[in-house]
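Listed here are the chains, written in short residue letters.
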Amino acid sequence: MEVEAAIRSRRSIRRFSDKDVPEQVVVDILDSARWSPSWANTQPWSVFAVTGETLEKIKTAYRERAAAGVARQFEVSRPLPDWPPEMIARTRQLMASRATATGPSDRGPGNLEFFAAPWLVLFAIDGRLQPEYACFDTGLLVQTFCLAAHERGLGTCIMAMAVGYPEDLHAILPAAEGKRFVVAVALGYPDLEAAINRFDRSRAELSEIVSFAG
């Protein structure tokens, strides 16, 4: 797949097929993604790829937290709720397009099930670091990971809520001691027939976001 095609056609997948993803495929994707750039080549990230019983433990813990009404607590501050009006408008446009294309029967497994993806790949930073640049660098790794997965025919959904109960993640993943979870990516083969994966998307025009000076 050409880079331009990958950038334009990659999208968030919210319904996955039941096709298995071999571990070696995930290894290959991560092996490509590790070449992402970072500040002075510091590579401040850590990655935890989970599936099978470990993934089910995370799902169970999250269901229990949600059923008990426990609010999510993030280890890296989330954006403030008061977004500027033009950004709120973009989100509303997305939600309206999604609602038009889908119905209750199409939604399938939700956030707490990570949309039934067979893999959840969690991205974290060293807890000793200031988050600003470490998170910026980790974002580069996440984007490269998603494009590398797309090139191999897999789908991804970048999920902040998937790191919303870090106490459970640290209990289940002891290797994450001293790390702060930033975001996670649901990974699997997309259900290409699901409307939730097919609705029209849009992006702001360049005139809205770019200024040229010369």
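### A look at the pattern of salt bridges
The final tally for this structure, using the stated rule, is ten salt bridges. The salt bridge involving Glu56 is made with Lys59; its shortest N-O contact spans 3.6 Å. Placement of both Glu56 and Lys59 in helix α3 (residues 52–67) is noted, with a separation of three residues, approximately one turn of the helix. Judged by its relative accessible area of 39%, Glu56 is partly exposed. Linked through salt bridges whose partners overlap, the residues forming this network are Arg65, Glu167 and Asp168.

### Observations concerning the environment of Ala194
Among the structural elements, Ala194 can be located in the loop between β4 (179–188) and α8 (206–209). Between the C-alpha atom of Ala194 and that of Thr100, which follows or precedes it by 94 residues, the distance is 13 Å.

### Re helix α2 (residues 23–33)
Taken together, the buried positions of α2 are occupied by Val25, Val26, Ile29 and Ala33. Along the axis of α2, the buried residues cluster in a sector spanning 100°; they form a single face. Tucked inside the fold, the buried residues of α2 contact β1 (45–51), β2 (119–126), α6 (131–151) and β4.

### Things to note about the pairing of strand β3 (residues 155–159)
Where burial is concerned, most of β3 is hidden: four out of the five residues are buried. Bridge count for β3 against β4 is five bridges, and the pairing is antiparallel. Bridge pairing in β4 places Ile158 opposite Val185.

### Notes on the packing of aromatic side chains
Aromatic rings considered in pairs are described by the distance between their centres and by the relative angle of their planes. Applying the stated criterion across every chain, the model contains six aromatic pairs. Ring geometry for Phe123 versus Phe145: centroids 5.7 Å apart, planes at 75°, classification edge-to-face. Of this pair, Phe123 sits in strand β2 while Phe145 sits in helix α6; the two residues are 22 residues apart in sequence, bridging distant segments of the chain. With relative accessibility at 0%, the residue Phe123 sits in the buried group. With 6.0 Å between their ring centres and 70° between their planes, Tyr133 and Phe136 make a pair best called edge-to-face. Of this pair, Tyr133 and Phe136 both sit in helix α6, separated by three residues, roughly a single helical turn. Cluster of aromatic residues (ring-pair linked, three or more members): Trp39, Tyr133 and Phe136. For the cation-ring pair, Arg11 lies above Phe199, with the distance from its terminal atom to the ring centre recorded as 5.0 Å. Looking at Lys19, its charged tip hangs above the ring of Tyr189, at a distance of 4.2 Å from the centre.

Definitions and limits used
Residues numbered from 1 in each chain as written. Predicted model: local features only at pLDDT ≥ 70, side-chain atom pairs only at ≥ 80, totals over all residues. Heavy atoms only, no water. Salt bridge = Lys/Arg side-chain N within 4 Å of Asp/Glu carboxyl O. Helix = DSSP H or I, 4+ residues; strand = E, 2+ residues; numbered from the N terminus. Buried < 20%, exposed > 50% of the residue type's maximum accessible area, 1.4 Å probe, protein only. Arc of directions from axis to C-beta. Contact = heavy atoms within 4.5 Å. Pairing = 2+ DSSP bridges. Phe/Tyr/Trp six-rings, centres within 6.5 Å; stacked < 30°, edge-to-face > 60°. Lys NZ or Arg CZ within 6 Å of the ring centre and 35° of its normal.

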